[in-house]
Amino acid sequence: MNAPLAVAAGAGDGRWRWPIDPGSYDTTPAVRAAEAAAIADLGVDNLRRLARHDPAAAGWRLIRRLLRPLDDAAAALQSPLTSHRRRAMLDATAVVLLRCAQAGRSYWAWTEEEWAGLLGRDQDGFRTAAPAWADDAVRPYLAAHAFVLGGFTAFCQLGSFSRLTLAWRVFGRDRVDGEIGRIRAVLAEWGYRLGRGDDTLLPMVACQVFLLNRSPHLEELGTGLFDRIRSDRLLGGVRLNTLHAMQRAVAYLGFCDPPAPRAGRRPDRASGGPAEWERWVDRWYATSTLTPRARGGIRATLLKAGRWAAAEHAEAADPDAWTRQTCAAWIAALDRMSVGDYAQRTAGLQDRIGKPLQASAKAAQLSAVRTFFRDCQEWEWLPRRFDPQRALGTPRSVTALLGPNPRVIADEVWAKLLWAGLNLETADLPEAQAGHFYPFELVRALTLTWLFSGQRSDEIARLRLGCIRWQHDGNPIAGDCLQVLARDAVCLLDVPAHKTGTAFTKPVDPILGQAIEAWQAARPRQPQLTDRRTGERADLLFAFRARRVSTAYINNTVIPMLCRKAAVPAADVRGSITSHRARSTIASQLYNAKEPMTLFELQAWLGHRSPQSTQFYAKISAQTLTRAYADAGYFSRNVRTIEVLIDRNAVVSGAAASGEPWQHYDLGHGYCTYSFFEQCPHRMACARCDFYTPKDSAKAQLLEAKTNLQKMTAAIPLTEDERAAVDDGQAAIDRLLGRLADTPTPAGPTPRQLAATGTDRLLPVIDVRHGKPRQNRTNLFHRMMRLTWPSTAPEL
């Protein structure tokens, strides 16, 4: 039996194999020459088997070896036979026979290039290569002969060509559609548009993969086939994305490995520097238990240190040769470095190249080298020649520049971003050629989570399905409950284990809970994904198409989208608006609210282990600081004012020069005529010396009746005891009175001596003030007056 017949006979299960070398079945040159002559003798009319052809012609017997496989292959094609299709199949057979005569070789010995040349790069190419009587319907059947009899799979060279129709004909429509349906079901469950019934891209790519594998069965699609399609560039453009999704579905069904991460999404791994140094760094990288991101950052810094060592201290190119002197030289060099020095790549640094390193960058690079040597010594890779904590410690000149400096977004800008997020519409979403990449419900929930949760982008991307809970008075309730109590329910957000602590729960605004629940209702079922921080398999909230939403999606898509809608710039004086700045902004607003959260409450809400971490996020606003300073009453606490009556007649007439009182300090219960009142030790508790005049006396009433008096105020500084008497109450007043009992008055006698003569108790000043006195202090002054002012006062 001829080889092509064996292949065709075995095609009942949909598998078309070409396991042998077709060239070995070719015959002698004499036989091929006789076949070529017979084809020429039969002529085009006979070869096309038109109505007037001669089936008994002698040439048919001579070309039976070529004709029968072509007829068997055409009969094996699963396509409804019409007169038009029968004519196209016969003409395709005639074209193959004529080309055999021209080439002088049997068709099963043709190369892919020869088949591609006959089929043409496109329809115009086919018309050029084929006889004029072969119309466009002949090409698909000619491609079927090439696939079945010639082992041809280079369909990428045929341009626009219906691969799906060809796959239906050679494998069977039901079989092809069934296998595509298995892929489509998986992709539809994940949320792919390829899973929709009206999609045409998946069948187009899937059938080409089936043809390349010469089998429509998913069980036979191996990882090597997908890799070969990519490496040989058998598909391009958007079809590669479809191939990626198809391989993921086949891998989910268990028939191949999932596709490798796409190249170009991450920058190349840092390299450069002495080979021995880089070997040590790679060994540390492979051993450290830090997160991949942290290890990558430290590795880049270590390679930079290696390049510095190779350029400045060649003997230190091996970490084993580092000493305290090398550490001191590295610290000094780092302190004087500029951006871009000893860097492998400067892309993205833009106009920062040449500027001095910031203190935070110096501290981070010192910490990286310190961590490296500490670990190497702990693991006994290096001898302990120095203590990394001391030899590579951050200098005081650098640590003095470090401290909390939250990059808070201005209130007016943040308010506009909140408005944009709350009023987000489908039209605001970025749209690619294939439409929106993520559903609107996902984007809105992700946006409001960034605006209201105060969490890091990594924590947002790792939120679990069902992370929202509702409670009322400590009792759980359903989020869509219509009871009256549900209106006052508290929305709780479960945050997974994060950078600085374990999982915790925090209250959030109900708007966020409603948005997340709306996304959960619309979210397609997704497979469990690995949490990169905890290593556990979990149902991630923000997952779509069996892939987690990238942590960079907020920075790259959400924030630019909100800035466009809110008509605000994407950067301010503090730099670009990033996902992490929202955390500082929300924390600072909660810290500066009318009823602010305390530092410890804010620490718990942010999930920090210590208040020191919280200080790097909460910043006291200038308004809050001004209000607190005014409430503290620093100036009014240390200085009081008292009203003074100036007797202008006494000054003008010269009586003041002769000793007549001209200044009368209003003590509330009387007047003091002592000119140096601010220096009197009894100014806050008058001892009623000779300079005192009670307001109920005739002398005081005559003074108040004068029309030439001028009212003024004088500032009176207070001592610690006097401030205590004003602020702390009766006990402090008694202590002040006791201390002043033996202090002489401006008139000479002490309060104790005055009391011995029958004079009433000391009289505290009640009318000292600074601006509008506080209500509690006013009450205190009146209390002091009631306690010390006698019921009757003799006139002086």
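Everything below is about the structure printed above this text.
First, a word on scope: everything that follows refers to the structure included in this document. Bear in mind that the values here come from a model prediction, so they are computed numbers and not experimental data.

**Re the pattern of salt bridges**
- Scanning the entire structure with this criterion turns up 32 salt bridges.
- Measuring nitrogen to oxygen at the nearest pair gives 3.5 Å for the salt bridge that ties Arg-384 to Glu-378. Glu-378 shares its class with Arg-384; the two are exposed.
- Sharing partners across several salt bridges, the network here consists of Asp-458, Arg-462, Arg-464, Asp-531, Arg-533 and Glu-536.

**Re helix α8 (residues 138-150)**
- Taking 1.5 Å as the rise per residue, α8 with 13 residues should run 18 Å; its terminal C-alpha atoms sit 17 Å apart, in good agreement.
- Within α8, 12 of the 13 residues are buried, which leaves it mostly tucked inside the rest of the structure.
- Just downstream of α8, Gly-151 is the residue with a positive phi angle, here 65°.

**So, the layout of surface pockets**
- The space that makes up the second largest pocket amounts to roughly 370 Å³.
- Considering the residues around the second largest pocket, the lining is formed by 15 residues, among which Val-408, Ile-409, Ala-410, Asp-411 and Ser-621 are closest to the centre.

**What to know about the environment of Lys-695**
- Mapped onto the secondary structure, Lys-695 falls in the loop between β17 (692-694) and α31 (698-705).
- Sequence separation of Lys-695 and His-669 is 26 residues, and the distance between their C-alpha atoms is 5.9 Å.
- When sequence neighbours within four positions are dropped, the list of residues in contact with Lys-695 reads Asp-666, Gly-668, His-669, Gly-670, Tyr-671, Ala-700, Gln-701 and Glu-704.
- A polar side-chain atom of Lys-695 sits 3.4 Å from the main-chain carbonyl oxygen of Gly-668.

**Section: the packing of helix α14 (residues 275-287) against helix α15 (residues 292-312)**
- For the pair α14 and α15, interaxial distance at closest approach is 10 Å and the crossing angle is 165°. When the interaxial angle is binned, α14 and α15 end up roughly antiparallel. In the packing of α14 onto α15, the handedness of the crossing is right-handed. Listed contacts from α15 to Trp-277, Glu-278, Val-281, Asp-282, Trp-284 and Tyr-285 of α14 are Pro-292, Arg-295, Gly-296, Ile-298, Arg-299, Leu-302, Leu-303, Ala-305 and Gly-306.
- Taken together, the residues that form the contact of α14 with α15 break down as 9 nonpolar, 2 polar and 4 charged.

**Side note on unusual backbone geometry**
- Phi angles above zero are rare outside glycine, and Glu-380 is one such case at about 65°.
- Within the secondary structure, Glu-380 is located in the loop between α17 (359-378) and α18 (388-391).
- Phi angles above zero are rare outside glycine, and Ala-567 is one such case at about 60°.
- Mapping Ala-567 onto the fold places it in the loop between α24 (553-566) and β11 (571-572).
- Relative accessible area serves as the criterion here: at 66%, Ala-567 is assigned to the exposed category.

Reading guide: rules and limits
Residues numbered from 1 in each chain as written. Predicted model: local features only at pLDDT ≥ 70, side-chain atom pairs only at ≥ 80, totals over all residues. Heavy atoms only, no water. Salt bridge = Lys/Arg side-chain N within 4 Å of Asp/Glu carboxyl O. Buried < 20%, exposed > 50% of the residue type's maximum accessible area, 1.4 Å probe, protein only. Helix = DSSP H or I, 4+ residues; strand = E, 2+ residues; numbered from the N terminus. Expected span 1.5 Å × (residues − 1). 1 Å grid on protein atoms, 1.4 Å probe; cavity = no way out; pocket = protein on both sides within 12 Å on 5 of 7 lines; lining within 4 Å. Points joined across faces, edges and corners; volume = space filled by probe spheres on them. Contact = heavy atoms within 4.5 Å. Polar contact = N/O pair within 3.5 Å; in protein donor to acceptor, adjacent residues only side chain to side chain. Axes fitted to C-alpha atoms, helices over the stretch in contact; angles between N-to-C directions. Parallel < 35°, antiparallel > 145°, perpendicular 65-115°, else oblique. Left-handed = near helix turned anticlockwise from the far one by under 90°. Nonpolar A, V, L, I, M, F, W, Y, C, P; charged D, E, K, R; others polar.

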